[in-house]
Number of protein chains: 2
Amino acid sequence: MTETVTLTIEQAEKLSLAVLEDNGFGEEHAGAIMRSVVAAQIDECHSHGLYRLMGCVQTARNGGLDTHVLPEIIDQAPAVTRVNAHKGCSLLGFEMGLPKLVEKARHCGISVLAINNCFHFSALWPEVEQISAHGLVGMAMTPTHAFVAPAGGTKPLLGTNPIAFSWPRPGKTPYTFDFATSMIARGEIELHRRAGKAIPEGWAIDTNGAPTTDAAKALEGAMLTFGGHKGSALSTMIGLLAGPLIGDVLGHETYAASEDAPGKPHHGEMIIAFSPETFLGADAQQHLDHAEELFDEIVKQGARLPSQRRFAARERSHKNGVTIPRALHDELLALTAPQ
Amino acid sequence: MTETVTLTIEQAEKLSLAVLEDNGFGEEHAGAIMRSVVAAQIDECHSHGLYRLMGCVQTARNGGLDTHVLPEIIDQAPAVTRVNAHKGCSLLGFEMGLPKLVEKARHCGISVLAINNCFHFSALWPEVEQISAHGLVGMAMTPTHAFVAPAGGTKPLLGTNPIAFSWPRPGKTPYTFDFATSMIARGEIELHRRAGKAIPEGWAIDTNGAPTTDAAKALEGAMLTFGGHKGSALSTMIGLLAGPLIGDVLGHETYAASEDAPGKPHHGEMIIAFSPETFLGADAQQHLDHAEELFDEIVKQGARLPSQRRFAARERSHKNGVTIPRALHDELLALTAPQ
C-alpha cells in the first residue's frame, strides 16, 4: 500500500465538505473553508491544506468557533467595510466582504476590509490572489498567537503576524508573497526538537531571553522576528493595523488560541485593495506593463519571483490531482459520517 | 576653536532659508525644505539635517530639480490625491497635499497621497509624524537609487526603498519607525571602505554576485536587503506601490540620481493615512488606549520602542539648540550671499 493517496480536485472538495458538514459546520462556512484548504492543497501548501480540516473540527468540538453564524457586513465608511464574524471562521467573512472591498476600491482608489472577531487559521495568499484576480493590488495582515519576542525583548509578545501581497499580472500568475514576520514557522522548531537537532542561531531565545540553539528551550522561550529590529517594527505595525485600528485584539491576547483548546482564538484581519485604474485612469495599463520590467529584471539576474513553487504545483495539481498522506486521508475519512 | 557650532532653532531655520533662497529656491520650496532639514537636525538625524542643504544646492546647480515650480494637486478619486511635483522637491508637494490626505482619510477611512515626478532626498518620518499629529495612522514609502540586489540576484536593481510608519499616541511621542529595506545605509559601507575595514557578512555581494566583506567590492557590486527573501519581497512591494501603482518610475530608473549630476532624480512617493475615528466611530479612543498595552509590554520586557533616541534628541534640542560641525556651518555660510 502506498503512503499517499491522490485525489481529483473534485474528490478533495467533496471530502473536505463531508468532513466539515458531518461535524456540524453549516453549508456556507463549510464551502468557504473547503475552498481555502483545497486551494492550499492544490498549491502543495500542505500546512494549510486538507490537514487543517482536522484543526477546524477539533476547534469546533471544543467550542472554539461558531460553525453556523453568518458574518455581518457593515458599510462603515466610503472606503471601509467591516465584517463582524461573530466568532465564525474568517473565510466566509472574507468571501462575503470581497465584493464590497472591490467595489469600494474601484470607486475610492483604495479600500479596506476589516474582519473582526473571527476564527482564523488560513494562509493569506488565497485572499490576496482573489483581489489581484480582479485586477486590483491586494494586501492582507493578521495578528496571531504570540510566540515571538520583540527585538531586544525576552518574552513572547508579538504574533507570527503574517503579511501577504499580490500584484495583478494579467495573463500570468500574479506577483504574490505571503510570509510570517517571525524568523521561521513554529513548526520548524518543533521538527528540530523531535529530530534532536540544534536550531540555527537567530531563530529563538530561551526563557531568560538569551540566544539559544536548543529547540526545546526555544519552544519554552520565544521565537525572534525576521530581520532584527526592522522585522520587529513591521510585526508591531501589523499587530496595530490588524488589531486596535480595526477595533480588535492584540496578538498576545490570542495566545490561548490553539487547535485543541477553546481559548480565545478570535481576532482580526485587515485586507487592503488598491485599484490601479482608479489611481491612473486610462494610463493604468501602461504602468502595469511597465511593472513587468521589474519582474523581468529580477528573473534575468537569476533571482526568483516569490510563489513560483506554488504556481508550478498548481499547474501539476490541475493535471494530476492532489496527493496527501494516506494517514491523513484515513483520519479525514474517519471524521465523515458512515454512508 | 571648537569643532562644532550650536545654533538656536531659529538661527538654524534662518540659515537654511538663506542657503536655499540665495541659491535660487523660491520661497515656498525653501520653506518646505527648511522645515524638513531643521526637523531632522532637531532630532539629531545628521544625515538628513542641515547637511542635506549642500546636496539640494548642488542638484539645483546641475539642473536636477525645479526650484520654483508649484506642485499641482489633483483630486483623483474619493480616497486618492495625486500631486504632480513637476520635478520640484517632494516636500512642498507633501505639505500642499497633506490637508487633502487628512480630509479624505477622515471621510473615507483611508486615503492615499501619491506624489509624482518629484526630487526626493528627505527622511520619511517627519511626514508620517505630521499625519499621526492629526490623530491618524501614517505610512510612507518611496523607491530610490537602485543599489540593492533582489534576494538570489547578482546585480543592483531595487532601491534602498524605505518604509515609515507612525501611530498616534496623544500626549506622548508617537510610535514611529522609518527604515531602508537595504541591510544597511550605503554610507556605512563607504565609511568602512575609507577606514580600510571589512564589512560584516550579509551586507553586500561583489560584481559576480558572490558574498563579500570587502567594502570596495561591495560598493562596486550590490547591497543586500535586510531579512533575506522576506526583505527583498517587501522592497519589491514598495517599488511597485510607490512606482507603477501611482504612475511613476521604478527604483532602477532613478539609478542616475545623485547629488552631483543631473541624472534622473525624479520619482514617486506614496503616503497612506488611516483614520481610527472613521474605522471605529465612538469606540476609537478605547482601542487607541488598548494599543498602549502593546507598547507597555514591549518596554516592560526591556525592549525599546523605535525612534526613542530621536525623541530624546528632540527634547534636548528644544532646550539647547542644534549642534552641527563647524566645517558644515562654514560651508553653509559660504553658500549664502554676502550681507
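The model shown is predicted, which means the values in this text are computed figures rather than measured ones.

Thoughts on the overall build of chain A
Along the backbone of chain A there are 12 helices and 11 strands. A compact globule built from 339 residues should have a C-alpha radius of gyration of about 20 Å, and chain A, at 20 Å, falls within 12% of that. Projected onto its principal axes, the C-alpha coordinates of chain A cover approximately 60 × 55 × 45 Å. Here chain A, with 339 residues, has 58% of them falling under the buried criterion.

A look at the domain arrangement of chain A
All names here are of chain A. What the domain assignment lists for chain A is domain 1 (1-61 + 307-339) and domain 2 (71-183 + 224-306). On a C-alpha basis, the centroid separation for the pair domain 1 and domain 2 is 23 Å. Listed by partner, the interface residues are 23 residues for domain 1 and 22 residues for domain 2. Across the interface of domain 1 and domain 2, roughly 2,000 Å² is buried in total on both sides, 61% from carbon and sulfur atoms. Between the two partners, domain 1 and domain 2, sit three salt bridges. R314 is the partner of E129 in a salt bridge, and the nearest nitrogen-oxygen pair spans 2.8 Å. Scanning the region where domain 1 abuts domain 2 turns up six residue pairs in polar contact (both at pLDDT 80 or more). Elements with a minimum of two residues in the side of domain 1 that touches domain 2: α2 (27-42), α3 (52-61) and α11 (308-320). Grouping the amino acids of the side of domain 1 that touches domain 2 by side-chain chemistry returns eight nonpolar, eight polar and seven charged.

Describing helix α4 (residues 90-108) of chain A
Residues and elements named next belong to chain A. For α4, the principal kink sits at G97 and spans about 40°; a proline, P99, occurs within the next four residues. Buried residues of α4: S90, L91, L92, G93, F94, G97, L98, L101, V102, K104, A105 and C108, and no others. Positive backbone phi, at 105°, marks G109, one or two positions downstream of α4.

Some details on a negative patch on the surface
On the surface, A:E21, A:D22, A:E27 and A:E28 cluster together into a negatively charged patch. Examined against the element boundaries, A:E21 turns out to sit in helix α1 (residues 9-21).

Details of the packing of aromatic side chains
All told, the structure shown has 15 aromatic pairs over all chains when counted by the stated rule. With a centroid separation of 6.4 Å and 70° between ring planes, the pair formed by B:F165 and B:Y175 is classed as edge-to-face. Taken as a pair, B:F165 in strand β6 (residues 163-167) and B:Y175 in strand β7 (residues 175-179) lie far apart in primary sequence, 10 residues in all. As far as burial versus exposure is concerned, B:F165 and B:Y175 are alike and both buried. Both rings, one in B:Y175 and one in B:F177, keep their centres 6.3 Å apart while their planes meet at 85°; by these two values the pair is edge-to-face. Accessibility expressed as a relative area gives 3% for B:Y175, which makes it buried. Through a chain of ring-to-ring contacts, the aromatic side chains of A:F165, A:Y175, A:F177, A:F179, A:F226, A:F295, B:F165, B:Y175, B:F177, B:F179, B:F226 and B:F295 assemble into a single cluster. Over the aromatic face of A:W125 sits the side chain of A:R310, whose NZ or CZ is 3.9 Å from the ring centroid. Against the face of B:F147 rests B:R186, its NZ or CZ located 4.0 Å from the ring centre.

Comments concerning unusual backbone geometry
We note that A:E44 has phi near 55°; this positive angle belongs to a residue other than glycine. Mapped onto the fold, A:E44 is located in the loop between α2 and α3. Notably, B:K87 is not glycine yet its phi reads approximately 70°, a positive angle. Locating B:K87 in the fold gives a position in the loop between β3 (80-84) and α4 (90-108). For B:K87, a relative accessible area of 42% puts it in the partly exposed group.

Points about the relation of the copies chain B and chain A
What relates the two chain copies is a rotation about an axis together with a slide along it. Rotating chain B by 180° and translating it 0.0 Å along the rotation axis places it on chain A, where the RMSD comes to 0.0 Å. On the angle and the small slide along the axis, the relation comes out as a two-fold axis. Closest to the rotation axis within chain B is the C-alpha of B:G227, separated from it by 2.0 Å. Both copies contact each other with a shared surface, as 99% of the interface residues of chain B are interface residues in chain A too.

Notes on the environment of B:S182
Of note, B:S182 is situated in the loop between β7 and α6 (186-194). According to the relative accessible area criterion, B:S182 is buried, its value standing at 1%. Spatially, the C-alpha atom of B:S182 lies 7.9 Å from that of B:G231, the residues being 49 residues apart in sequence. What B:S182 contacts, discounting residues up to four positions off in sequence, is A:K230, B:V148, B:T160, B:M223, B:L224, B:T225 and B:F226. Polar contacts involving the side chain of B:S182 include one to the main-chain carbonyl oxygen of B:I184, which spans 3.1 Å.

Definitions and cut-offs
Residues numbered from 1 in each chain as written. Chains lettered and ligands numbered in written order. Predicted model: local features only at pLDDT ≥ 70, side-chain atom pairs only at ≥ 80, totals over all residues. Heavy atoms only, no water. Helix = DSSP H or I, 4+ residues; strand = E, 2+ residues; numbered from the N terminus. Rg over C-alpha atoms; globule rule 2.2 N^0.38 Å. Buried < 20%, exposed > 50% of the residue type's maximum accessible area, 1.4 Å probe, protein only. Domains from an automatic or database assignment. Contact = heavy atoms within 4.5 Å. Buried area = accessible area lost by both parts, 1.4 Å probe. Salt bridge = Lys/Arg side-chain N within 4 Å of Asp/Glu carboxyl O. Polar contact = N/O pair within 3.5 Å; in protein donor to acceptor, adjacent residues only side chain to side chain. Nonpolar A, V, L, I, M, F, W, Y, C, P; charged D, E, K, R; others polar. Bend = angle between axes of the 7 residues up to and from the residue. Patch = residues over 30% accessible without salt bridge, like charges linked within 9 Å, V, L, I, M, F, W, Y side chains within 5 Å. Areas by Shrake-Rupley, 256 points an atom, 1.4 Å probe, with all protein chains shown as cover. Lys, Arg positive; Asp, Glu negative; His and termini not counted. Charge placed at Lys NZ, Arg CZ, Asp CG, Glu CD. Phe/Tyr/Trp six-rings, centres within 6.5 Å; stacked < 30°, edge-to-face > 60°. Lys NZ or Arg CZ within 6 Å of the ring centre and 35° of its normal. Least-squares fit on C-alpha atoms with pLDDT ≥ 70 in both.

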